[in-house]
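Residue-level structure breakdown
Below, each chain spelled out in residue letters.
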Amino acid sequence: MASTGESETQTRGVLHRLLAIFAEVKPREVFSVLILTLNVFLLLTGYYLLKVVREPLILAGGGIEIGGQKLDLDGPEVKAYAAAGQALLLVGVVRAYGAMARRFGRMQLTTALTLFFASNLVLFFFLARLGVPLGVPFYLWVGCFNLTVIAQFWSFANDVYTPEQGKRLFAIVGIGSSLGAMFGAQIAKRIYVPIGPYNMMLVAAGVLLVCLWLTYLVHRDDLARPGGERASADAPPGGASGGFNIIARDRYLLLIAGLTLVLNWVNSTGEYILDRTLIESATSALDPRGEARDGAPDAAAPGAPDAAAPGTRPAAPLAAGAPVYLVDPQASRLLEGKITAVNGGAFDVEAGGEVVEGAEEGLVHPRTEEGKKKALGAIIGTFKGDFFYWVNTFGVLLQLFVVSRIFKYLGVRFALFILPTIALLGYASLAVVPALAVVRFAKIAENSTDYSVQNTARQALFLPVGRDAKYSAKAAIDTFVVRAGDVLAAGGVIVGHTLALSTRHFALFNIALALAWLAVVVGIAREHRRRTADDAGAAAPDGARAA
């Protein structure tokens with residue numbers, strides 16, 4: 001009978017052979033790479049739960065009120081401007097993070113951040129129960145949460161692995177990131193209606209606590225490895241200078257910051273194009289005056305049956321003959337019609353010139369302003385859940401079978417050219433045919449490559465830098481610089497809204513940005529080649545771990 005030790009050895013051997021399919025893994029690295037992969041899998045699962053919650057809250061939650069005056073803005077404009085507000089918040093977040101990184105060790109730093117954000121989710125849950133509007137505040141919070149927590153994870157991974165290990169193992173860790181995003185999007189799509197958006201916040205808080213425990217396991221394993229030093233691991237990683245100062249003194253880090261800025265400028269503008277096209281598609285079947293195109297009676301028209309003034313609730317909102325909005329999730333459209341029959345919890349609705357039988361309650365809403373808001377939320381939630389699912393499905397396939405091969409045979413520098421090339425082709429197609437199907441396809445290609453090839457390559461760029469840059473400078477780039485790109489995108493939205501620019505104009509602007517992006521990548525490739533060549537020449541004969 002095999003002993004426990006023999007069984008464990010056999011298990012590790014099987015796992016080692018399995019991991020070897022995707023990248024070169026040494027036996028001693030099996031435990032840490034599996035736990036880190038599971039950790040980032042859960043982080044991305046939790047984030048996508050929150051991301052799917054966020055979208056309906058911000059896109060269908062109404063405009064912004066300042067001093068009691070409601071601004072005349074649609075959901076996509078509110079989202080773009082709120083993204084700019086995140087950059088202002090992140091100035092303070094980066095400085096606070098830098099102060100913590102100069103005072104706490106890596107495990108204490110991770111613990112403090114995780115508990116802070118988990119407690120925030122509990123607070124949001126109770127605020128929602130009290131009826132507090134959460135659209136803009138929650139959007140701002142999710143942006144800070146996503147960038148800070150995930151940047152901290154990759155800083156930790158950069159600290160645990162040497163540059164040589166990271167080049168081999170990040171492709172596997174990235175698989176967890178892609179799988180988590182895909183799984184989270186799919187789960188969010190399935191549970192959004194049954195449990196509601198606010199209970200999903202509590203689920204995400206529980207996921208964060210599990211991630212904290214997994215981080216501790218890797219930290220403990222790192223200390224137990226041959227040559228592991230507790231003093232080095234527990235030393236504050238932030239260095240004496242703040243993240244912004246470190247970036248300003250290093251051309252290589254400045255170029256990485258420039259890459260991050262342009263990448264997110266293009267991506268955020270693309271997200272605005274997608275959201276704008278989605279809302280236009282969802283409401284395209286409605287007459288601008290609010291009258292049904294199929295001749296159904298208008299809810300606000302005098303004398304219409306079961307009519308109701310905008311914002312009010314009819315006496316029998318879901319009874320036969322009542323004017324309603326019908327969600328068509330397959331075509332991402334909102335139709336006006338009337339109920340012809342009620343069958344238990346399902347409805348027959350005459351809309352768009354035909355009768356839709358057995359429509360579920362979540363797809364049928366009273367024809368009021370509140371009903372329209374909820375119906376749009378249903379369209380956005382189902383579209384985004386499906387969109388995120390396909391983005392992350394393709395991201396997983398790329399991460400599993402393509403990324404490690406690109407890194408092994410073509411290198412990190414080649415990988416950096418792939419995403420701007422895809423973006424250039426995608427927005428060129430959109431400039432020719434500005435339709436929802438085209439922008440959906442282009443954004444799926446762009447985002448799936450971003451979350452797999454580009455993300456792994458960008459994390460690997462920090463392997464040849466010092467420990468202070470891996471934490472403080474990286475945090476500044478992954479938070480403030482990312483949102484600075486969103487600020488520039490929001491500025492473009494403001495200009496475009498003022499000038500009444502079309503979707504095609506925004507696509508043409510992104511083409512110009514993609515060309516600038518390629519120029520920045522050329523500069524990074526040169527600096528990375530020089531930096532890695534210098535590191536190779538200065539490496540100790542015994543392969544001592546980089547400081």
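Residues numbered from 1 in each chain as written. Predicted model: local features only at pLDDT ≥ 70, side-chain atom pairs only at ≥ 80, totals over all residues. Heavy atoms only, no water.

1. Thoughts on the overall build of the chain
Our working rule: Counting from the N terminus, the helices are DSSP H or I runs at least four residues long and the strands are E runs at least two residues long. Any residue under 20% of the maximum accessible area for its type is buried, any over 50% is exposed, and the rest in between are partly exposed; the area is computed with a 1.4 Å probe on protein chains only. Note on definitions: a residue-residue contact is assigned when non-hydrogen atoms from the two residues lie within 4.5 Å. Residue exposure ignores everything except the shown protein chains as possible cover, and the areas themselves are Shrake-Rupley values with a 1.4 Å probe.
When helices and strands are tallied, the chain shows 16 helices and seven strands. Looking at the chain as a whole, 54% of its 547 residues qualify as buried. When contacts within the chain are restricted to residue pairs at least 6 apart in sequence, those whose partners lie at least 24 apart make up 78%. When the accessible surface of the chain is split by element, carbon and sulfur atoms take 63% of a total near 23,200 Å².

2. Some points on empty space enclosed by the protein
The line we're drawing: Site definitions follow a grid-based scheme: protein atoms alone, a 1 Å grid, a 1.4 Å probe that fits but cannot get out for cavities, and for pockets an open set with protein on both sides within 12 Å along at least five of seven lines, plus lining residues having an atom within 4 Å of a point. Grid points are joined across faces, edges and corners, and a volume is the space filled by probe spheres set on the points. Side-chain classes are defined by residue name, with Ala, Val, Leu, Ile, Met, Phe, Trp, Tyr, Cys and Pro counting as nonpolar, Asp, Glu, Lys and Arg as charged, and the others, Gly among them, as polar.
Counted by the stated rule, this structure contains two cavities of 30 Å³ or more. Approximately 880 Å³ is the volume attributed to the largest cavity. In this structure, the largest cavity is lined by 46 residues; those nearest its centre are Tyr47, Asn146, Leu147, Asn264 and Tyr451. For the lining of the largest cavity, a count of residues per class yields 21 nonpolar, twelve polar and 13 charged. In terms of lining residues, the second largest cavity is bounded by 13 residues, among which Leu43, Thr110, Thr114, Val149 and Thr215 are the most central. Those elements giving two or more residues to the lining of the second largest cavity turn out to be α2 (30-59), α4 (106-129), α5 (135-160) and α7 (197-224). Residue composition of the lining of the second largest cavity, grouped by class: eight nonpolar, five polar and no charged.

3. Regarding a nonpolar patch on the surface
Inclusion rule: Only residues above 30% relative accessible area that lack a salt bridge enter a patch, with like-charged residues linked at up to 9 Å and the nonpolar side chains Val, Leu, Ile, Met, Phe, Trp and Tyr linked at up to 5 Å. What counts as a salt bridge is simple: a side-chain nitrogen of Lys or Arg found within 4 Å of a carboxyl oxygen of Asp or Glu.
Together, Trp390, Phe394, Leu397, Phe401 and Val402 give the surface a local cluster of nonpolar side chains, amounting to about 440 Å² of exposed area. Note on placement: Phe401 falls in helix α11 (residues 369-410).

4. Structural notes on the pattern of salt bridges
Applying the stated criterion across every chain yields a total of twelve salt bridges. Taking the shortest distance from any N to any O, the salt bridge between Arg276 and Glu280 comes out at 3.4 Å. Linking Arg276 with Glu280, this pair stays in helix α10 (residues 251-283), spanning four residues, or about one helical turn. When the shortest N-O distance is used, the salt bridge between Lys443 and Glu446 registers 3.4 Å. Of the two residues, Lys443 and Glu446 are both situated in helix α14 (residues 436-460); the distance of three residues between them amounts to about one turn of the helix. Judged by its relative accessible area of 1%, Lys443 falls in the buried class. Salt bridges sharing partners connect three or more residues here, namely Arg106, Asp159 and Asp222.

5. Considerations on the packing of α10 against α14
For any two helices packed against each other, one specifies the crossing angle of their axes together with the interaxial distance. The cut-off we apply is this: Here the axes come from fitting lines to C-alpha atoms, over the contacting stretch only for helices, and the angles between their N-to-C directions go from 0 to 180 degrees. Note on terminology: angles under 35 degrees are roughly parallel, angles over 145 are roughly antiparallel, angles of 65 to 115 are roughly perpendicular, and the others are oblique. Here a crossing is called left-handed whenever its near helix is offset anticlockwise from the far helix by less than a right angle, and right-handed whenever the offset is clockwise.
At a minimum axis distance of 10 Å, the contact between α10 and α14 shows a crossing angle of 155°. The angle between α10 and α14 falls in the class roughly antiparallel. Relative to α14, α10 is oriented so that their crossing is left-handed. For the pair α10 and α14, contact is made by Leu259, Thr260, Leu263, Val266, Asn267, Gly270, Glu271, Ile273, Leu274, Thr277, Leu278 and Ser281 and by Leu436, Val439, Arg440, Lys443, Glu446, Asn447, Asp450, Gln454 and Arg458, respectively. Grouping the amino acids of the contact of α10 with α14 by side-chain chemistry returns eight nonpolar, seven polar and six charged.

6. Remarks on the environment of Gly411
Checked against the element boundaries, Gly411 lands in the loop between α11 and α12 (412-415). As a C-alpha pair, Gly411 and Lys167 span 244 residues in sequence and 9.1 Å in three-dimensional space.

7. Regarding the nonpolar core
Operational definition: For this analysis, a nonpolar core means a set of buried residues of the types Ala, Val, Leu, Ile, Met, Phe, Trp, Tyr and Cys, connected via side-chain atoms within 4.5 Å.
Among the nonpolar cores identified, the biggest contains 126 residues, and Leu50, Leu121, Phe138, Trp141, Leu253 and Trp517 are the most heavily contacted of them. Setting aside chain neighbours within four positions, we find Leu121 in contact with Leu50, Phe138, Trp141, Met201, Ala204, Ala205 and Leu208. Among the nonpolar cores identified, the runner-up in size contains ten residues, and Val324, Leu326, Ile339 and Ala359 belong to it.

8. Thoughts on the pairing of strand β4 (residues 333-343)
Regular strands have side chains that alternate between both faces of the sheet. Operational definition: Between any two strands, at least two bridges found by DSSP are needed for them to pair.
Alignment of strand β3 (residues 323-328) against β4, held across six bridges, turns out to be antiparallel. The residue of β4 that forms the bridge with Val327 is Leu334. Bridge count between β4 and strand β5 (residues 346-351): six bridges; the pairing is antiparallel. If you follow Lys338 over to β5, its bridge partner there is Glu350. With antiparallel pairing between neighbouring strands as the criterion, β4 and β5 make up a hairpin whose turn holds two residues, including Gly344 at a positive phi of roughly 65°.

9. Points about the side chain of Arg367
Worth spelling out the cut-off: Here a polar contact is taken to be a pair of N or O atoms separated by no more than 3.5 Å, where protein atoms must pair a possible hydrogen donor with a possible acceptor and residues adjacent in sequence count only if both atoms sit in side chains.
Relative to the elements of secondary structure, Arg367 occurs in the loop between β7 (364-366) and α11. Among the polar contacts listed, one links the side chain of Arg367 to the backbone oxygen of Gly337, at a separation of 2.6 Å.

10. A few points about the packing of α11 against α14
Interhelical geometry of α11 versus α14 gives an angle of 40° and a closest axis separation of 8 Å. The angle between α11 and α14 falls in the class oblique. At the point where α11 passes α14, the crossing takes the right-handed sense.

11. Examining helix α13 (residues 418-432)
Where we set the bar: Working rule for helices: expected span equals 1.5 Å times residues minus one. The reported arc concerns the directions from the helix axis to the C-beta atoms and nothing else.
Compared with the 21 Å implied by 1.5 Å per residue over 15 residues, the 22 Å span of α13 between its first and last C-alpha is a close match. Listing the buried residues of α13 in full gives Leu419, Pro420, Ala423, Gly426, Tyr427, Leu430 and Ala431. Seen from one end, α13 has its buried residues packed into an arc of 135°, which puts them on one side. Exposed residues pointing more than 90 degrees away from the buried face of α13 are listed as Leu425 and Val432.

12. Quick notes on the sheet that holds β7
Overall, antiparallel pairing links the five strands, which are arranged β6-β5-β4-β3-β7 in an open sheet. Among the strands making up the open sheet, the edge pair consists of β6 (354-360) and β7. Here the strands of the sheet are splayed against their neighbours by 45° on average, with no regard to which way each runs. Of the strands in this sheet, β3, β4 and β7 are in contact with α11, which crosses β3 at around 10°.

13. Details of the packing of aromatic side chains
How we decide: We call Phe, Tyr and Trp rings a pair once their centres come within 6.5 Å, taking the six-membered ring for Trp, and we label the pair stacked below 30 degrees between planes, edge-to-face above 60, and tilted otherwise. Comment: the charge-over-ring label is applied if NZ (Lys) or CZ (Arg) is within 6 Å of the ring centre and within 35 degrees of the ring normal.
For the coordinates displayed, the defined rule picks out 17 aromatic pairs. Between Trp154 and Phe170, the ring centres sit 5.2 Å apart and the planes meet at 75°, which makes this aromatic pair edge-to-face. One end of the pair, Trp154, is in helix α5; the other, Phe170, is in helix α6 (residues 163-195), with 16 residues separating them in the sequence. In terms of burial, Trp154 and Phe170 fall into one category: buried. Cluster of aromatic residues (ring-pair linked, three or more members): Phe116, Phe117, Phe124, Phe138, Trp141 and Phe145. Here the basic side chain of Lys474 rests over the ring of Phe462, its NZ or CZ set 5.2 Å away from the ring centre.

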